[in-house]
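The primary structure of each chain is shown beneath.
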There are 2 protein chains.
Amino acid sequence: MDTQQRLIESTRELLWERGYVGTSPKAIQQLAGAGQGSMYHHFSGKAELALAALQQSAEQLRSQAEEQFGGSGHTFKRVSDYLLRERDVLRGCRIGRMAQDPDIIASPELREPLEHTFAWLRQRLETVLAEGQARGELLAGLNPKTTAAMLLAVLQGGYVLARAANSVQPYRDAIQGALSLLRTHVAEDT
Amino acid sequence: MDTQQRLIESTRELLWERGYVGTSPKAIQQLAGAGQGSMYHHFSGKAELALAALQQSAEQLRSQAEEQFGGSGHTFKRVSDYLLRERDVLRGCRIGRMAQDPDIIASPELREPLEHTFAWLRQRLETVLAEGQARGELLAGLNPKTTAAMLLAVLQGGYVLARAANSVQPYRDAIQGALSLLRTHVAEDT
DNA sequence: GTCTATAATCGGATAGAC
DNA sequence: GTCTATCCGATTATAGAC
């Protein structure tokens, strides 16, 4: 991995761990094993580095989600596979985490990857649910759009509850609660 | 309001807006209109101020929640009143927000108000749901504990989605999605 | 491309006068 | 109780040598 990519990787880790406000250029350089001059040669500063890091994290998140959404099983299984996928719960979401950072939210450029990522996820999940209804796998009473928004919120909120409790239990309970309710809308359920 | 309380109020606002890492003693002093000496007379430093601020915010949050939970209407109404209560969505939750702050989570003392608040909320909501089942207002198939965890997660996650989108819409959709699903478990529903 | 030097400002506090 | 002075390291760069 070249210096430029190492700087981006270091930024990705530090943004995840410490947030934008809590991440200094110096810390990024040290983690990447690069000097000041090197960093400022490749990037104009902290903001440009963060943008590159967020774009890579967003792309990673989308491609991971597509692994479950694009599956071929029953709609309920595709959704529950996504919700139950192994995650580093106590570390939280690399993208959702940034929503609390005032400097990220205040900058249209830095907020864009967040907005785009969640809009894509919601739309993708909505499509999965709507296709499930069209195939007769899910009851028609379900609203695909609000259900998709709810499921994403349960994930993001689950991270918050888990970190507050320093335990994955509240996260698991929240996912379980959502899946139990969704389960009652599966068609031809005995 | 005396100087000590003004310092706590200022800390509460800045923690909400900027988080712990992003809040400096100097900023607290300026917002409170107090000098350095004054602040360090009343508090040992930033951590002690933050603890006092978090404790007051936690108490406020619990008392506000109790306004809906302690209501006398139908269980579904009490729950939906809580979820639909007017909130400063784009600012987020004063307590949940801190779960992303590494220095808060790393400190058992500072994390305690978060853990306690969400544990109380979950338990309180669980009790409301269980009582609703006992009264025959909610179907027995609902698991009060995981449902309570899910509803709290939807709220906290809704804040995250709203800030990422710079719009309350995803928050509203998520709440709506959760309430629609819960609605199907109300007893004697025509 | 990478290095070192320099710099203005901030962060988080201590000390002692009033 | 509050004020001012002082401190030392961190932050976020810029400049110029190599």
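Values in this document were obtained by computation on a predicted structure and should not be read as measured data. (Residues numbered from 1 in each chain as written. Chains lettered and ligands numbered in written order. Predicted model: local features only at pLDDT ≥ 70, side-chain atom pairs only at ≥ 80, totals over all residues. Heavy atoms only, no water.)

All right, on to the overall build of chain A then. Helix and strand counts for chain A stand at 9 helices and 0 strands. When the elements of chain A are put in sequence order from the N terminus, they spell out α-α-α-α-α-α-α-α-α. Residue burial in chain A is summarised as follows: out of 190 residues, 55% are buried. When the accessible area of chain A is evaluated, it comes to approximately 8,100 Å², of which 48% is carbon and sulfur surface. In chain A, 21 positive and 22 negative side-chain charges are present, and the distance between their average locations comes to 3 Å. (Helix = DSSP H or I, 4+ residues; strand = E, 2+ residues; numbered from the N terminus. Buried < 20%, exposed > 50% of the residue type's maximum accessible area, 1.4 Å probe, protein only. Areas by Shrake-Rupley, 256 points an atom, 1.4 Å probe, with all protein chains shown as cover. Lys, Arg positive; Asp, Glu negative; His and termini not counted. Charge placed at Lys NZ, Arg CZ, Asp CG, Glu CD.)

In the vicinity of DNA strand D, the contacting residues are T23(A), S24(A), P25(A), Q36(A), Y40(A), K46(A), T3(B), G35(B), G37(B), S38(B), H41(B) and H42(B). Counting only atoms of DNA strand D within 4 Å of the protein, the fraction found in sugar and phosphate groups is 62%. In the model, a phosphate oxygen of DNA strand D is placed 2.9 Å from a nitrogen or oxygen of the H42(B) side chain. The dominant element in the surface near DNA strand D, judged by the number of residues it contributes, is helix α3 (residues 36–42) of chain B, at 4 residues. (Near = heavy atom within 4 Å. Polar contact = N/O pair within 3.5 Å; in protein donor to acceptor, adjacent residues only side chain to side chain.)

Glancing now at the confidence of the model for chain A. Mean pLDDT over chain A works out to 97, with 99% of the residues at or above the 70 mark. Mean pLDDT values over the elements of chain A span from 97, in helix α3 (residues 36–42) of chain A, up to 99, in helix α8 (residues 144–165) of chain A. (pLDDT = per-residue confidence, 0-100.)

Turning our attention to the interface of chain B and chain A. When the parts come together, some accessible area is lost, and that loss is often what is quoted as the size of the interface. The interface is formed by 44 residues belonging to chain B together with 44 residues belonging to chain A. When chain B packs against chain A, close to 3,700 Å² is buried across both sides, 68% of that on carbon and sulfur atoms. Per-residue buried area on chain B facing chain A is highest for Q100(B), R163(B) and L181(B); these three make up 19% of the total on that side. At the boundary of chain B with chain A, the tally comes to 2 salt bridges. Residue R18(A) pairs with D103(B) through a salt bridge whose shortest N-O separation is 3.0 Å. Our enumeration of links across chain B and chain A arrives at 8 residue pairs in polar contact (both at pLDDT 80 or more). Of all the secondary structure elements, the ones that give two or more residues to the side of chain B that touches chain A are α1 (3–18), α6 (102–105), α7 (108–134), α8 (144–165) and α9 (169–183) of chain B. (Contact = heavy atoms within 4.5 Å. Buried area = accessible area lost by both parts, 1.4 Å probe. Salt bridge = Lys/Arg side-chain N within 4 Å of Asp/Glu carboxyl O.)

Turning our eyes to something else, we now look at the packing of helix α7 (residues 108–134) of chain A against α8(A). Residues and elements named next belong to chain A. For the pair α7 and α8, interaxial distance at closest approach is 8 Å and the crossing angle is 130°. Here α8 runs oblique to α7, going by the angle between their axes. The handedness of the crossing between α7 and α8 is right-handed. Contact with α7, carried on its side by F118, L121, R122, L125, E126, L129, A130 and Q133, involves P144, K145, T147, A148, A149, L151, L152 and Q156 of α8 and no other residues of that element. Looking at the contact of α7 with α8, its residues break down into 10 nonpolar, 3 polar and 3 charged. (Axes fitted to C-alpha atoms, helices over the stretch in contact; angles between N-to-C directions. Parallel < 35°, antiparallel > 145°, perpendicular 65-115°, else oblique. Left-handed = near helix turned anticlockwise from the far one by under 90°. Nonpolar A, V, L, I, M, F, W, Y, C, P; charged D, E, K, R; others polar.)

So, on to the pattern of salt bridges. Residues and elements named next belong to chain A. By the definition in use, this model includes 22 salt bridges over all chains. A salt bridge links D81 to K77, with the shortest nitrogen-to-oxygen separation between them at 2.7 Å. Of this pair, D81 and K77 are both found in helix α5 (residues 75–84), 4 residues apart, which corresponds to roughly one turn of the helix. Residue K77 is classed as partly exposed on the basis of its relative accessible area, which comes to 44%. Salt bridges here are not isolated pairs; linked through shared partners, they connect E13, D88, R91 and R94.

The geometry of an aromatic ring pair is captured by the separation of the ring centres together with the interplanar angle, meaning the angle of the planes. All names here are of chain B. Taken as a whole, this structure holds 4 aromatic pairs over all chains when the rule is applied. Plain terms: the ring middles of F69 and Y82 are 4.5 Å apart, the flat faces sit at 45° to each other, and that makes the pair tilted. Residue F69 is located in helix α4 (residues 46–69), and its partner Y82 is located in helix α5 (residues 75–84); the two are separated by 13 residues in the primary sequence. A relative accessible area of 5% means that Y82 is categorised as buried. The cationic tip of K46 hangs over the ring face of Y20; the distance from NZ or CZ to the ring centre is 4.5 Å. (Phe/Tyr/Trp six-rings, centres within 6.5 Å; stacked < 30°, edge-to-face > 60°. Lys NZ or Arg CZ within 6 Å of the ring centre and 35° of its normal.)

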